[in-house]
Structure formats: C-alpha cells, structure tokens
Amino acid sequence: MNQNFTFSVYQKVNNLPKNWDEVAHSNAFLQTPYLQALELSAPTNMECFYIGIFEHDNLIGVALAQYLNLNKLKSFGERDKCLKTYIRNFVFKNFASHVLFLGNNMITGQNGFAFSKEMDYKCISEILLNCAKELIGYFKNKKIKIHIVSFKDFYKNAAIPLKENAFVSIYEFNTQPNMVIELKEKWQSEADYIAALTKKYRDQYKRARKKSEGISFRELTLEDIQSHEKRIYELYHYVAQNAPFNTFFLAENHFTTFKKQCGNRFVLVGYFSDEKLIGFHSLLLNNNVLETYFLGYDEQVQKEKLLYLNMLYNMTAFGIEHHFKKIIFGRTALEIKSSIGAVPIQMSGFIFHTNSLINKYIGKIFPKLEPTLSWQQRHPFK
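### Focus on helix 4 (residues 121–141)
For helix 4, built from 21 residues, the straight-helix expectation of 30 Å at 1.5 Å per residue is met to within 8% by its first-to-last C-alpha distance of 30 Å. Taken as a whole, helix 4 has its buried residues at Cys123, Ile124, Ser125, Glu126, Ile127, Leu128, Leu129, Cys131, Ala132, Leu135 and Phe139. Residue aspartate 120 occupies the N-cap position of helix 4, its side-chain oxygen lying 3.1 Å from the main-chain nitrogen of lysine 122. In the segment just after helix 4, lysine 143 is the residue with positive phi, at about 65°.

### Side note on the nonpolar core
The biggest cluster of nonpolar side chains holds 54 residues, and the ones touching the most others in it are Trp20, Tyr50, Tyr236, Phe255 and Phe258. It is helix 9 (residues 229–241) that contributes the most residues to this core, 5 residues altogether. Residues in contact with tryptophan 20, not counting those within four places in the same chain, are Tyr10, Leu30, Thr32, Leu35, Tyr50, Ile51, Gly52, Leu59, Val62 and Ala63. Trp187, Leu295, Leu309 and Leu312 belong to the second largest nonpolar core, which has 37 residues in total.

### Some words on a nonpolar patch on the surface
A surface patch of nonpolar side chains, about 280 Å² in accessible area, is lined by Leu357, Tyr361 and Ile365. Note that isoleucine 365 resides in helix 15 (residues 362–369). Isoleucine 365 gets classed as partly exposed once you look at its relative accessible area, which sits at 33%.

### Focus on the packing of helix 2 (residues 32–41) against helix 10 (residues 254–262)
Helix packing geometry: the angle between the two helix axes and the distance between the axes. For the pair helix 2 and helix 10, interaxial distance at closest approach is 9 Å and the crossing angle is 155°. When the interaxial angle is binned, helix 2 and helix 10 end up roughly antiparallel. Pair helix 2 / helix 10 crosses with right-handed handedness. Counting all contacts with helix 2, which are made through Pro33, Tyr34, Gln36, Ala37, Leu38, Leu40 and Ser41, the residues of helix 10 involved are His254, Thr257, Phe258, Gln261 and Cys262. By residue class, the composition of the contact of helix 2 with helix 10 is 7 nonpolar, 5 polar and no charged.

### Let's talk about the state of the cysteines
Note on terminology: a disulfide is the covalent bond linking the sulfur atoms of two cysteines. Summed over all chains, the structure comprises 0 disulfides. We note that cysteine 123 lacks a disulfide partner, and the nearest cysteine sulfur, in cysteine 131, lies 12 Å from it. Of the residues examined, cysteine 123 reaches a relative accessible area of 11% and is grouped as buried.

Here is what the cut-offs are and how they apply
- Residues numbered from 1 in each chain as written.
- Predicted model: local features only at pLDDT ≥ 70, side-chain atom pairs only at ≥ 80, totals over all residues.
- Heavy atoms only, no water.
- Helix = DSSP H or I, 4+ residues; strand = E, 2+ residues; numbered from the N terminus.
- Expected span 1.5 Å × (residues − 1).
- Buried < 20%, exposed > 50% of the residue type's maximum accessible area, 1.4 Å probe, protein only.
- Polar contact = N/O pair within 3.5 Å; in protein donor to acceptor, adjacent residues only side chain to side chain.
- Core = buried A, V, L, I, M, F, W, Y, C linked by side-chain atoms within 4.5 Å.
- Contact = heavy atoms within 4.5 Å.
- Patch = residues over 30% accessible without salt bridge, like charges linked within 9 Å, V, L, I, M, F, W, Y side chains within 5 Å.
- Areas by Shrake-Rupley, 256 points an atom, 1.4 Å probe, with all protein chains shown as cover.
- Salt bridge = Lys/Arg side-chain N within 4 Å of Asp/Glu carboxyl O.
- Axes fitted to C-alpha atoms, helices over the stretch in contact; angles between N-to-C directions.
- Parallel < 35°, antiparallel > 145°, perpendicular 65-115°, else oblique.
- Left-handed = near helix turned anticlockwise from the far one by under 90°.
- Nonpolar A, V, L, I, M, F, W, Y, C, P; charged D, E, K, R; others polar.
- Disulfide = S-S within 2.5 Å.

Honestly, it's all geometry; don't read function into it.
Below, the structure written as structure tokens:
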C-alpha cells in the first residue's frame, strides 16, 4: 500500500475524527447520524467497524465494515424448503458462519466508502484489502476465525478497475441486480408518471388503487413509531422470515432509533385498516437519491389489497413529488418492481474464503449456494 496512506479502525461513532461527515458528504450512509443509528440498533449478530483513511495526517476517506456471526441466526430464511436450502444452510453454518463485509450488507448499492479527493482504483483496492487483513487479525486475536471476506456492491465502473488491480485474484460474483427507476424531470406529479405508462400498466395502476380502497396511509412521527414499535417489528419480521435468504434480523428498536438519529432523512409510512397498522414501508433520503429501506405487512391484507404494489406506487410518487433523481428499490421482487418502471442494474461483489483449499474452488461452490432466479422484465412506459 502507498506509504502516504494509512488507516485507523474505530468501533464507536463518538471516537470518529471531527471532519468525518465532511469527507462522507456524498453519501448519507457513511455519515455519523446513520452510523450512530446503526451502532445503537444493529442486528444482534452484527458488529460494525468504521474506517478512517488518511493521507499523511489528513482524513481523506471513510469506509464501513461489518462482521456477521451467522451462528446466532435461527434461520437464513424459511420460504424455500428444499434439499438445496438444507445443504446451503449446512455449508453456511460450518464453513461460512463468520463473515466480514467491506461495505454495507443492509442496503443495496455502492455505499462502502467515500473519498474527499479523486483516488485511483489501484489505491482503493489496496486500502480495502489491507483493511480486511487488519480486521481478520483483530478477530484472530479474539479467537474468532473469519471464514469469508466479501467486498460488496460495485457498479461496473468500479468493479472493472478493482479487478484489474489488487482484486485480480479475488472471485467476482454477480447476484440479483439492483432495481432502479430514473425519475424524469418532466414528471412533476404522480399524474405525469401515470400518463407515461402504457394502457396495460395504467390499468394495473388503477386496479391496484381500487383494491386498496379502505386502506389509509400516512407518514409516522417519532412518537407514532415508538407507540407502534412492537407491531412494526412483527410486520417486518414476517416478511424477513419469508425471504429466500437472510443473514441478519433487525433489532426491535431499529426503526425508532433510525427516526431519532436521522430525523427527516428517514421516512416511515404506516398503512392502516380501521386504525389497525397492517403494513409499513420506509425510505432513506440520500442527497438526490431515494433509497427504499425495510418494509413489512400482514400477509392476508397484502394478498387481498395488493398492498406491496401500492407501496411501490406510493414510494414512486414520493420520489417524484420531492424531486429525487432516482429511486433505488434493491434486489428483491424484481418482476413486480420492473412493472412499475424500475430497470435492473448489474452489480458485482468480490469474495474470498480464508481457507486456501476452499478458496481455490470458490468459483464452483459459490454459484451453487445462490438461490436461482428466473423472472421476466416488464416495460411499462410508452
């Protein structure tokens, strides 16, 4: 690593250098309000590390790392009951239960690091690799063997140069794409968005809205979130447990903590039927990008009222009305997201196993553990 660059690893947000947020100004997910919320309400099997990167003595970069202990999970997701799932769970428990992420495993997108100056990818790749080595050593001292190291979520413009430099011998993988909708400048209201849809998808919109009659929704205040905390968690947990694969479950105080720490940059919308909370979605405001966060719903109501589809329309309307440039919808439910206009953006990750024999065959092993997915992209615009 270039002698001019050094890094320090912190475990408490209160210990971060004073100008941390200036360096992280381009990404809300690396700024202290978000990191503080994460520290106070991280999943029980997760530990976060904050990395300051210095040129001489000046802070010029910030990064996030997360350690996950998968042994603390009761399940990795219960939707797919099949032999492949049992094999995958056995492999994870025995050969991949201690995982180190350089990046943020809780959200989709390139949110792992930010720099206050132009950096070449030779430097970035070396710094990230050195940070990983340092953290592997830290856990080794605690008698914990890290099995897997993953550098997560890079768009092509970053993945290609990383691979050409220090990541050259690290296995690159592509998981499900990130679903993103670019919001056109001429869309000033939800009506403009609906007008841009073809008849088939305008009809889908009308059908969804008709189905949702009797459901009201509103943005919840901190007090609302606190009073509904238990129910919010129940609805979230139902959806999380039924996902095909999960490496963590949020803490019960997660949403309350996020609202406290992030204020207006965290939005949680509750859906009510006869004053009973039957669903919610949440959003993180990241400069001119709107990021969808966790959601939850009552399965019975979701089927009957097309609740999830209505949530997607509401998030899109929020993005348009508040003049965001794009909405990041993440990498689940690809087909339904594409039906409202989101398009798949391929993202890469890099992964290695600390056991050299397993690592030698990781290119053959890894694809077998990934849930297979077939879906049809929709094209809803005229």
